[in-house]
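Observations on the three-dimensional arrangement
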Amino acid sequence: MERMGLARDIDLLLHLPLRYEDETRLQSIAALHDGQAAQVEGVVSECRVEARGRRQLVVWMSDDSGAELVLRFLNFYPSQQKTMAAGQRLRVRGEVRVGFHGREMVHPVVKAVAPGESLPQALTPVYPTTAALPQAYLRKAITAALQRTRLDEVLPPQALPPGLPTLADALHLLHQPPPRQPLEPLEDRSHPAWQRLKFEELLAQQLAQADAQRERALLRAPALPARSEAGPAGSLHARLLAGLPFALTAAQARVCAEIDADLARAHPMNRLLQGDVGSGKTVVAALAAARAIDAGWQCALMAPTEILAEQHFRKLVQWLEPLGLRVAWLTGSRKGKARQAMLDQVASGEAALVVGTHAVIQDDVVFARLALAIVDEQHRFGVAQRLALRAKLETQRLEPHLLMMSATPIPRTLAMTYFADLDLSTIDELPPGRTPVVTKVFADNRRADVIARIAEEAARGRQVYWVCPLIEDSAERAASQADADEASGKGRSAGRRQNPMLDLQNATETHALLSAALPGVMVGLLHGRMPAAEKAAVMSLFTGGQMSVLVATTVIEVGVDVPNASLMVIEHAERFGLSQLHQLRGRVGRGAVASVCVLMYTPPLSDTGKARLRAMAETTDGFEIARRDLEIRGPGEFLGARQSGDALLRFADLQQDSALLEWARRVAPRLWAEEPAAARAQVHRWLATKQEFLKA
Ligand code: ADP
Ligand code: MG
């Protein structure tokens, strides 16, 4: 029970049935029809073991209607022959089959009863459980908990949506529905008793969010007022802006202003910058960093993979070093003296801007004056990592400002619940001059056509990505683990442990095939398990334009920016998630050339596979893709690490229960203001063990 999280009485009470069995009624055998789930009671006329074909126990019984029912047991204990001997009165429950031999039940639930024995007064709940925890035991434990627990109403009636029962009534009804209670609203969770539980849960969650928000409001951060003196001796911010080879889009300018306003306050920013792939988030991050540096503080930028961190590093060096700023570089692959020198510069404050992977949050990295932490592709990081980054300024009783960036927009319902404590800035406009990517979906028997197309692109001086998937889930986990390990400096042995090398095989084979099919074209290979130096060498050949075709695993998924790439082929596209496909496709269409993305699949496609590829072909809008993704997959994926461990919502469904959610959102602040004791009790009852997650 403990392993299933059933420790306290309240846990038992909130362990709700999956479905119910109706043992409160008896049907007449004569009236049974095929496929019906029924319970009947009658007397056994004969019971014998038949050995024709497979050995089986067969029992004939009949009830007052005079009709006969055959019970059939393919597995049985000798003792069952006694329980079901001729003359015994039995109550049996099971699914009826009407066939050649008349009415039958195979492996029904059987109970020997005395004449006139009473029927249960409630429907029988069937709970989710495991083989180690028998249903009957669990039922008894829950019934006992239900009897001994006094469930007071914590919430004042005016806080509740109208028409809902008390919590105690709701739980009694759900655990022990009265006879003749229609099952559908219970099983599809639309019954008011369910609504009450869902509301309880949503409200607790909203209350906790409001609380975390209030607590955070008490925190202090270094104020970074905007300085924009122009001219050669002016602020870094002004000089960076003046030196850019392009003008900011209106959307970029707007989000920069939002960020500046936050940074100017002595209260930590907690802002998510969302913008579709290619919308230009990096320059916004650089401008925010310049604000921190202008005010005399440090800024750290953390990216989930080494490739991406390196891209940021190069871009920032290109923009900032001409202005006299040194950018420090910190990743897992940088070791020994070089690393120590870097750490010293960070600790002394000499390095004003530090770019890196998870290596940035290692314990031995000490910042002198960290005022701004920027996390790119924030959904790739866990709660713990964000918390570690924030703690980097702890010694001064201040927290750094936090700017998270993501190309995967958070759907509104999720933003309202899990991310209520987060301010959002959205870049809803792409830089001018981009031509939307055209997406084509091909079965993989058209590979030859695709290769011919690659030859054409290469001949025109354009570049091509060919993305290979990881062959199976375990390989995928191992590989992404390998990327993460590498980035975090854990070395590669951990990732290798369970790595069947399958992804590698696929990518290397494709690399060999394309190299042979495209003589005279430079074809490169990039995957997560190459040494960092080799990866960097391949990347620089591709970014530099000498290499025309890059065969890669999903290491290129995020951030890679080569505007001359005009064709992307994704092999086994059906194996990728929708947001992953969108991220990958975002690698092309970054320049003015018209770009194409070919999604190759191996038939037959599953329904969700079809839905995903269709969505990709129909839209390039990241928000629309996120919406469809949520539809196809549910909210789990968006929550990522936040949801690892326990799901925060057990009963409510953000899509279905949006009306309850709206209500909870309205009520939560009022409840804190007017009945703080009730608010606290509600949070405690529901979320006692999950508080820390809500603060991250
Ligand atoms: P993402 O939002 O996906 O991280 P990037 O920051 O990598 O996008 O920007 C994509 C490309 O667009 C880069 O080459 C970047 O230099 C360029 N870019 C960014 N802002 C603008 C702009 N306002 N005008 C033109 N190009 C821009
Ligand atoms: Mg980016």
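Our structure is the block above this text.
Description of the structure in this document. Computed from a predicted structure; not experimentally measured.

All right, on to the packing of aromatic side chains then. Summed over the entire model, instances satisfying the criterion amount to four aromatic pairs. Pairing tryptophan 194 with phenylalanine 651 gives two aromatic rings, centres 5.7 Å apart and planes at 65 degrees, and the pair type is edge-to-face. A residue pair is termed long-range when its members are at least 10 positions apart, and tryptophan 194 in helix α6 (residues 192–217) and phenylalanine 651 in the loop between α22 (636–639) and α23 (658–674) qualify at 457 residues. For the pair formed by tryptophan 194 and phenylalanine 651, the shared burial category is buried.

Once that is clear, we can look at the sheet that holds strand β10 (residues 298–302). Strand order in this open sheet of seven strands is β11-β12-β10-β13-β14-β9-β15, and the pairing throughout is parallel. Taken across any chain shown, the strands that pair with only one partner, and hence form the sheet edges, are β11 (327–330) and β15 (423–427). Direction aside, neighbouring strands of the sheet carry axes that sit 20 degrees apart on average. Against the sheet, helix α11 (residues 336–348) contacts β10, β11 and β12 (353–356), and its axis sits at roughly 130 degrees relative to β11.

Our focus in this paragraph is the environment of leucine 330. Among the secondary structure elements, leucine 330 is positioned in strand β11. The class for leucine 330 is buried, based on a relative accessible area of 0%. A C-alpha to C-alpha distance of 7.0 Å links leucine 330 and valine 354, two positions 24 residues apart in sequence. Once residues lying within four places of it in the same chain are set aside, the contact partners of leucine 330 are Arg339, Met342, Leu343, Val354, Val355, Gly356, Thr357, Ala359, Val360 and Val365.

Our focus in this paragraph is the environment of alanine 594. Position of alanine 594 relative to the elements: it lies in the loop between α19 (578–585) and β21 (596–601). Given a relative accessible area of 56%, alanine 594 falls into the exposed group. Each C-alpha atom of the pair alanine 594 and valine 438 lies 8.0 Å from the other, and the pair is 156 residues apart in sequence. Filtering out sequence-adjacent residues up to four positions away, alanine 594 remains in contact with Thr435 and Ser566.

The next point concerns the sheet that holds strand β19 (residues 549–552). An order of β16-β21-β20-β17-β19-β18 is seen for the six strands of this open sheet, with the pairing classed as parallel. The outermost strands of the open sheet, each flanked by one partner alone, are β16 (438–443) and β18 (523–526). Here the strands of the sheet are splayed against their neighbours by 20 degrees on average, with no regard to which way each runs. Relative to β21, strand β20 (residues 565–570) runs parallel, the two being bridged by four bridges.

What follows concerns the side chain of arginine 291. Here arginine 291 lies in helix α9 (residues 281–294). Reaching out from arginine 291, the side chain makes a polar contact with the backbone oxygen of arginine 227 at a distance of 3.2 Å. With residues up to four places along the chain from it excluded, the contact list for arginine 291 reads Leu224, Ala226, Arg227, Ser228, His237, Asp260 and Leu263.

Okay, the pairing of β11 next. The side-chain alternation of β11 yields two buried faces, one formed by Val327 and Trp329 and the other by Ala328 and Leu330. Sheet topology note: the β11/β12 ladder contains four bridges and is parallel. Pairing of alanine 328 across the sheet is with valine 354, part of β12. Each parallel crossover has a hand, and the one from β11 via α11 to β12 is right-handed.

Rules and cut-offs
Residues numbered from 1 in each chain as written. Chains lettered and ligands numbered in written order. Predicted model: local features only at pLDDT ≥ 70, side-chain atom pairs only at ≥ 80, totals over all residues. Heavy atoms only, no water. Phe/Tyr/Trp six-rings, centres within 6.5 Å; stacked < 30°, edge-to-face > 60°. Helix = DSSP H or I, 4+ residues; strand = E, 2+ residues; numbered from the N terminus. Buried < 20%, exposed > 50% of the residue type's maximum accessible area, 1.4 Å probe, protein only. Pairing = 2+ DSSP bridges. Axes fitted to C-alpha atoms, helices over the stretch in contact; angles between N-to-C directions. Contact = heavy atoms within 4.5 Å. Polar contact = N/O pair within 3.5 Å; in protein donor to acceptor, adjacent residues only side chain to side chain. Right-handed = clockwise from strand over helix to strand, strands pointing away.

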